[in-house]
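# Structure assessment
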2 protein chains.
Amino acid sequence: MPTLPLSPLDATTFAPFGQIIAPEHAAQRYPINDGTSERFHDLARVDTASAEGRTLLSIFRAEPRSLPFPVRMLERHPLGSQAFVPLDPSTRYLVVVAESAADAPKAFLLEGGVGVNLARGVWHHPLLALDRVSDFLVIDRGGPGENCDEISLSETWTLTM
Amino acid sequence: MPTLPLSPLDATTFAPFGQIIAPEHAAQRYPINDGTSERFHDLARVDTASAEGRTLLSIFRAEPRSLPFPVRMLERHPLGSQAFVPLDPSTRYLVVVAESAADAPKAFLLEGGVGVNLARGVWHHPLLALDRVSDFLVIDRGGPGENCDEISLSETWTLTM
């Protein structure tokens, strides 16, 4: 089985798949509320309005996975983006994405409270929490239409750290 | 100055103002991802699409306030809802809301990772973090139009715990 190593995480390497949600990735930041708060503005392209869609806020409570982990399948949401934001800064998780179903997947380690927004239609593995049961705020699309495709990969990739 | 005491927080008392964002407030919960996660589904009514609006994801980094705190003003966002979800379960914050600009405000203490979604147009005080600098994911509306009204209250309320 081929090995799927971690890719370095930065806005450029992640750009084909979506956005990294963290203060240091804000294009705009400014003081609000008489200077008592700072707004790190518009960190992700939420794309949930197609085909009579609306934005959902949900919480996913994820069991931890153990490594090495066999990546055998991917899914995508053709009608909307999907963002994951950990609700505890100690949460670590893995994001596995692919530019197409034929391409080798890429794996990224997310930690330190950093979230991701997966663009509409991006192939990805379901949530891979590490270490412990972890809660994530998920911002995705509700509405009519079938919004999940799944594929089995032609080979299994072994995800390690 | 009149005192503004804390009101007990539950879905019924908070209903005039919006929704409480927490797993135990989910109307629907179900297993996903082959049973490795549980989805606490659709916890808030995100209302951001009016007048060519779109959903924004931002982070607010809030300085802590000290108590007793004088509540002298409120604001509202006539074009969209605004949700606040703390990014650390140890965060505590206060939410001050009013059914109308003429009504006495109500104050709620939020802790344990619990978020709130303020319905479109609800009068509220700007974010009141406690204890330490605190990060919140904020889900609100971007788009054309003026989306913030402010009023000075006819009397100052002293917020205590």
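Just so it is clear, the structure is predicted and the values come from calculations on it, not from any experiment. (Residues numbered from 1 in each chain as written. Chains lettered and ligands numbered in written order. Predicted model: local features only at pLDDT ≥ 70, side-chain atom pairs only at ≥ 80, totals over all residues. Heavy atoms only, no water.)

### Section: the environment of Thr-13 of chain A
Residues and elements named next belong to chain A. As a reminder of what qualifies: Secondary structure follows DSSP: runs of H or I at least 4 residues long count as helices, runs of E at least 2 residues long count as strands, and numbering of each begins at the N terminus. Here, two residues are considered to be in contact whenever any of their heavy atoms come within 4.5 Å of each other. Polar contacts, as counted here, are pairs of nitrogen or oxygen atoms within 3.5 Å of one another; within protein the pair requires one atom able to donate a hydrogen and one able to accept it, and residues that are adjacent in sequence qualify only if both atoms are side-chain atoms.
Tracing the backbone shows Thr-13 in helix α1 (residues 11-14). It is 29 Å that separates the C-alpha atoms of Thr-13 and Pro-31, two residues lying 18 residues apart in sequence. Other than its neighbours up to four places away in sequence, Thr-13 contacts Pro-8 and Phe-108. A distance of 3.0 Å separates a polar atom in the side chain of Thr-13 from the backbone oxygen of Pro-8.

### Thoughts on the sheet that holds strand β3 (residues 28-32) of chain B
Definition in use: Criterion used throughout: strands pair if DSSP finds at least two bridges between them. Axis lines are fitted to C-alpha atoms, over the contacting stretch for helices. Their N-to-C directions set the angle, which ranges from 0 to 180 degrees.
Taken in spatial order, the 7 strands of this open sheet run β2(A)-β10(A)-β7(A)-β13(A)-β5(A)-β4(B)-β3(B), and their pairing is antiparallel. A strand with exactly one partner marks an edge of an open sheet, and here the two such strands are β2 (18-21) of chain A together with β3 of chain B. Along the sheet, successive strands turn relative to each other by an average axial angle of 20°, direction set aside. Here β3 of chain B pairs with strand β4 (residues 37-41) of chain B via 5 bridges, running antiparallel.

### Things to note about unusual backbone geometry
Just so we agree on the cut-off: Exposed residues in this analysis have more than 50% of their type's maximum accessible area, buried residues have under 20%, and partly exposed residues fall in between, with area computed by a 1.4 Å probe over protein chains only.
The omega angle of the peptide bond from Leu-67 of chain A to Pro-68 of chain A is -5°, so this bond is cis rather than trans. Note that Pro-68 of chain A resides in the loop between β5 (54-62) and β6 (69-76). Of note in the backbone geometry, Asp-34 of chain A takes a positive phi value of approximately 55° without being a glycine. Phi at Glu-52 of chain B is positive, roughly 60°, even though this residue is not glycine. Examined against the element boundaries, Glu-52 of chain B turns out to sit in the loop between β4 and β5 (54-62). What makes Glu-52 of chain B exposed here is its relative accessible area of 70%.

### Some thoughts on the sheet that holds strand β7 (residues 82-86) of chain B
Within a sheet, each strand pairs with its neighbour through backbone hydrogen bonds, oriented either parallel or antiparallel. Here we have 7 strands laid out as an open sheet, ordered β3(A)-β4(A)-β5(B)-β13(B)-β7(B)-β10(B)-β2(B), and antiparallel in their pairing. One side of each edge strand has no neighbouring strand; the edge strands of this open sheet are β3 (28-32) of chain A together with β2 (18-21) of chain B. Within this sheet the neighbouring strands show an average axis-to-axis angle of 20°, counted without direction.

### A few points about the interface of chain B and chain A
The criterion, for reference: When two parts are brought into contact, each loses some accessible area as probed by a 1.4 Å sphere; the total of that loss over both is the buried area. The rule for a salt bridge is simple: a side-chain nitrogen of Lys or Arg has to be within 4 Å of a carboxyl oxygen of Asp or Glu. The residue classification treats Ala, Val, Leu, Ile, Met, Phe, Trp, Tyr, Cys and Pro as nonpolar and Asp, Glu, Lys and Arg as charged. All others, Gly included, are polar.
Listed as interface residues are 40 residues of chain B and, on the opposing side, 40 residues of chain A. Surface buried jointly by chain B and chain A totals about 3,300 Å² across both partners, of which 57% is contributed by carbon and sulfur atoms. The interface formed by chain B and chain A holds 4 salt bridges in total. Along the contact surface separating chain B from chain A lie 21 residue pairs in polar contact (both at pLDDT 80 or more). Put simply, the parts of the chain that give the side of chain B that touches chain A at least two residues each are β4, β5, β7 and β13 (134-142) of chain B. Of the residues forming the side of chain B that touches chain A, the biggest block, 9 residues, is contributed by β5 of chain B. Of the residues contributing to the side of chain B that touches chain A, the split by class is 22 nonpolar, 7 polar and 11 charged. Where β5 of chain A and β4 of chain B come together, 4 bridges link them in antiparallel fashion. Its bridge partner being in β4 of chain B, Arg-61 of chain A is matched across the sheet by Glu-38 of chain B.

### Considering the environment of Ser-100 of chain B
All names here are of chain B. With respect to the element layout, Ser-100 can be found in the loop between β8 (93-98) and β9 (106-110). Here Ser-100 falls in the partly exposed class, since its relative accessible area comes to 26%. Ser-100 sits 21 residues away from Gly-121 along the chain, and the two C-alpha atoms are 9.7 Å apart. A distance of 3.1 Å separates polar atoms of two side chains, one belonging to Ser-100 and the other to Asp-103.

### Overview of the pattern of salt bridges
Oppositely charged side chains are able to pair whenever their charged atoms sit close together. Applying the stated criterion across every chain, the model contains 16 salt bridges over all chains. Here Arg-54 of chain B makes a salt bridge to Asp-42 of chain A, at a shortest N to O gap of 2.7 Å. Residue Arg-54 of chain B is found in strand β5, and its partner Asp-42 of chain A is found in the loop between β4 (37-41) and β5; the two belong to separate chains. Arg-54 of chain B sits in the partly exposed class, given a relative accessible area of 40%. Given the relative accessible area of 26%, Asp-42 of chain A is considered partly exposed. Two residues, Arg-92 of chain A and Asp-131 of chain A, come together in a salt bridge whose shortest N-O distance is 2.9 Å. Residue Arg-92 of chain A is located in the loop between β7 (82-86) and β8 (93-98), and its partner Asp-131 of chain A is located in the loop between β12 (128-129) and β13 (134-142); the two are separated by 39 residues in the primary sequence. Judged by relative accessible area, Arg-92 of chain A falls into the partly exposed class, the value being 25%.

### Describing the nonpolar core
Convention followed: Throughout, nonpolar core names a set of buried Ala, Val, Leu, Ile, Met, Phe, Trp, Tyr and Cys residues whose side chains join them through atoms within 4.5 Å.
Formed by 26 residues in total, the largest nonpolar core has its most connected members in Ile-21, Leu-137 and Ile-139 of chain A together with Ile-21, Leu-137 and Ile-139 of chain B. Counting residues per element, the ones that place at least two in this core are β5, β7 and β13 of chain A together with β5, β7 and β13 of chain B. Once residues within four sequence positions are removed from consideration, Ile-139 of chain A is found in contact with Val-46, Thr-55, Leu-56, Leu-57, Ser-81, Gln-82, Ala-83 and Val-85 of chain A together with Leu-57 and Leu-137 of chain B.

In short, the description is geometric, and any link to function would need to be established separately.
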